Amino acid sequence: MNHIAIIDDSEINLTLLSALVRKLGDCQSTCFSRSRAGLEWCSENLPDLIVVDYMMPEMHGIEFISRLRTVAGREEVPILMITANDSKDVRYEALQLGATDFLTKPVDRIEFSVRVRNMLALGTSRKKLADRAAWLAEEVKKATAAVHDREQELSFRMSRAAEFRDPDTGAHIQRMAHFSSLIAANLGMPAEDQALILQAAPMHDIGKIAIPDHILLKPASLSPEEFAVMKNHVMLGFELLKGSGSKILQSAASIAISHHENMTVRATLWPGRRCHSVSRPYRRRCRCLRCLDVRASL
């Protein structure tokens, strides 16, 4: 059932127009002889069509349209303005302010019926299009969430790969992830960045999967040569993670290559290699995390 609001200061016109609306068969009308009352009702309710007279003492039709179009959700409601004024200037102003169509007095019954049905059909099409757009937006949101979930699962499983190689790495990964989250929050970083670091931090040691077992799992202290091989896990992790279109893997690559970096050993960890691809804030955070992790593991 279509709901049509009729605003006209003439009781005779209200009676005539409401009778024409009833003859349409699938429509009902709500009539107002005062334009302000009609504006208030249309602001609180959502009619399928508004029929408004141009000449009214309290508020003329153009002002009515102008005010209604400023109400949220009323920008697309079809408005049929009825006028005895043939001035083009009046029509131009009404169209600029949001009138959808016009009828000239005296109102022709057939023309009124055809125009009303056309405008109702237009309104129905707009609603269907809006519903379709909302449905598509929701589907895109669901698909994006699914991709994000798969991305998170991939990052988690990659982190577990290093854990399987080195049992001590498991607890270390969890500590680093939670330290990352806490520090990011206390630095006042946006929630999105906090979540990104929390998801990326567990992959900081992913390069250890390429370190030989006799070095990675050696219970005794490493020789200088073995330590040189172990230090290379940061570059190996970076090479594994770099170049991805994923924000998580991009951040993980930055963290992997810089999580052992400090002012005294940066030049010796990678002779001739500098971390130009890693932002300075990330390097500071990684150094803080590394210090915390060493203290927590003691």
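Residues numbered from 1 in each chain as written. Predicted model: local features only at pLDDT ≥ 70, side-chain atom pairs only at ≥ 80, totals over all residues. Heavy atoms only, no water.

*Asks:* Explanation requested: the packing of aromatic side chains in the structure shown.
*Replies:* For any pair of aromatic rings, the description rests on two quantities: the centre-to-centre distance and the angle between the ring planes. Under the counting rule described, the total for this entry stands at one aromatic pair. For the ring pair Phe32 and Trp41, a centre distance of 5.7 Å and an interplane angle of 45 degrees mean the geometry is tilted. The pair formed by Phe32 and Trp41 is uniform in burial state, with each residue classed as buried. A cation over a ring is seen here: Arg91 above Phe102, with NZ or CZ 5.0 Å from the ring centre. (Phe/Tyr/Trp six-rings, centres within 6.5 Å; stacked < 30°, edge-to-face > 60°. Buried < 20%, exposed > 50% of the residue type's maximum accessible area, 1.4 Å probe, protein only. Lys NZ or Arg CZ within 6 Å of the ring centre and 35° of its normal.)

*Asks:* It is not clear to me how unusual backbone geometry should be interpreted in this structure. Could you clarify?
*Replies:* Apart from glycine, the bulk of residues carry a negative phi angle, and the bulk of peptide bonds sit in the trans form. In this structure, the amide linkage connecting Lys105 to the following residue, Pro106, adopts the cis form with an omega of -5 degrees. Mapped onto the elements, Pro106 comes out in the loop between strand 5 (101-104) and helix 5 (109-165). (Helix = DSSP H or I, 4+ residues; strand = E, 2+ residues; numbered from the N terminus.)

*Asks:* Explanation requested: helix 2 (residues 35-44) in the structure shown.
*Replies:* An α-helix turns once every 3.6 residues. As a result, residues three or four positions apart point the same way. Taken residue by residue, helix 2 has Ser35, Gly38, Leu39, Trp41 and Cys42 as its buried positions. Along the axis of helix 2, the buried residues cluster in a sector spanning 165 degrees; they form a single face. Set apart from the buried face of helix 2 by more than 90 degrees, the exposed residues are Glu40 and Glu44. Residues of helix 2 that are buried sit in contact with strand 1 (2-7), strand 2 (27-32), strand 3 (49-53) and helix 3 (61-68). (Arc of directions from axis to C-beta. Contact = heavy atoms within 4.5 Å.)

*Asks:* What's the story with the side chain of Glu226 in this structure? I'm lost.
*Replies:* With respect to the helices and strands, Glu226 occurs in helix 9 (residues 224-231). Looking at Glu226, the relative accessible area reads 15%, which means it is buried. From its side chain, Glu226 meets the backbone nitrogen of Ser223 in a polar contact 2.9 Å long. Discounting residues that sit within four places of it in the chain, Glu226 has contacts with His214, Ile215, Lys218 and Ser221. (Polar contact = N/O pair within 3.5 Å; in protein donor to acceptor, adjacent residues only side chain to side chain.)

*Asks:* Would you explain the nonpolar core in this entry?
*Replies:* The nonpolar side chains of a soluble globular protein tend to be buried with one another. One finds Ile7, Cys42, Ile50, Val52, Phe64 and Met81 to be the most contacted residues of the largest nonpolar core, which totals 22 residues. Those elements that place two or more of their residues in this core are strand 1, helix 2, strand 3, helix 3, strand 4 (79-83) and helix 4 (88-97). Element by element, the count of residues in this core is highest for helix 3, at four residues. Listed in part, the 17 residues of the second largest apolar core include Ile4, Ile6, Met119 and Leu120. (Core = buried A, V, L, I, M, F, W, Y, C linked by side-chain atoms within 4.5 Å.)

*Asks:* In this structure, what is going on with the side chain of His233? I would like to understand it.
*Replies:* Mapped onto the elements of the fold, His233 is located in helix 10 (residues 233-241). With a relative accessible area of 3%, His233 lands in the buried category. Look past the residues within four positions of His233 in its chain and what remains in contact with it is Asp205, Gly207, Lys208, Ile211, His259 and His260.

*Asks:* Please clarify how the packing of helix 10 against helix 11 (residues 247-258) should be interpreted in this entry.
*Replies:* Pairs of packed helices are described in terms of their axes, by the angle between the two and the distance that separates them. Here helix 10 crosses helix 11 at 165 degrees, and the two axes come no closer than 8 Å. In terms of orientation, helix 10 and helix 11 fall into the roughly antiparallel class. Two packed elements cross with a definite hand, and for helix 10 against helix 11 that hand is left-handed. Residue-level inspection shows Val234, Met235, Gly237, Phe238 and Leu241 of helix 10 in contact with helix 11, the latter providing Leu249, Ala252, Ala253, Ala256 and Ile257. Residues of the contact of helix 10 with helix 11, tallied by class, amount to nine nonpolar, one polar and no charged. (Axes fitted to C-alpha atoms, helices over the stretch in contact; angles between N-to-C directions. Parallel < 35°, antiparallel > 145°, perpendicular 65-115°, else oblique. Left-handed = near helix turned anticlockwise from the far one by under 90°. Nonpolar A, V, L, I, M, F, W, Y, C, P; charged D, E, K, R; others polar.)

Without other data, these values stay purely geometric and don't point to any function.
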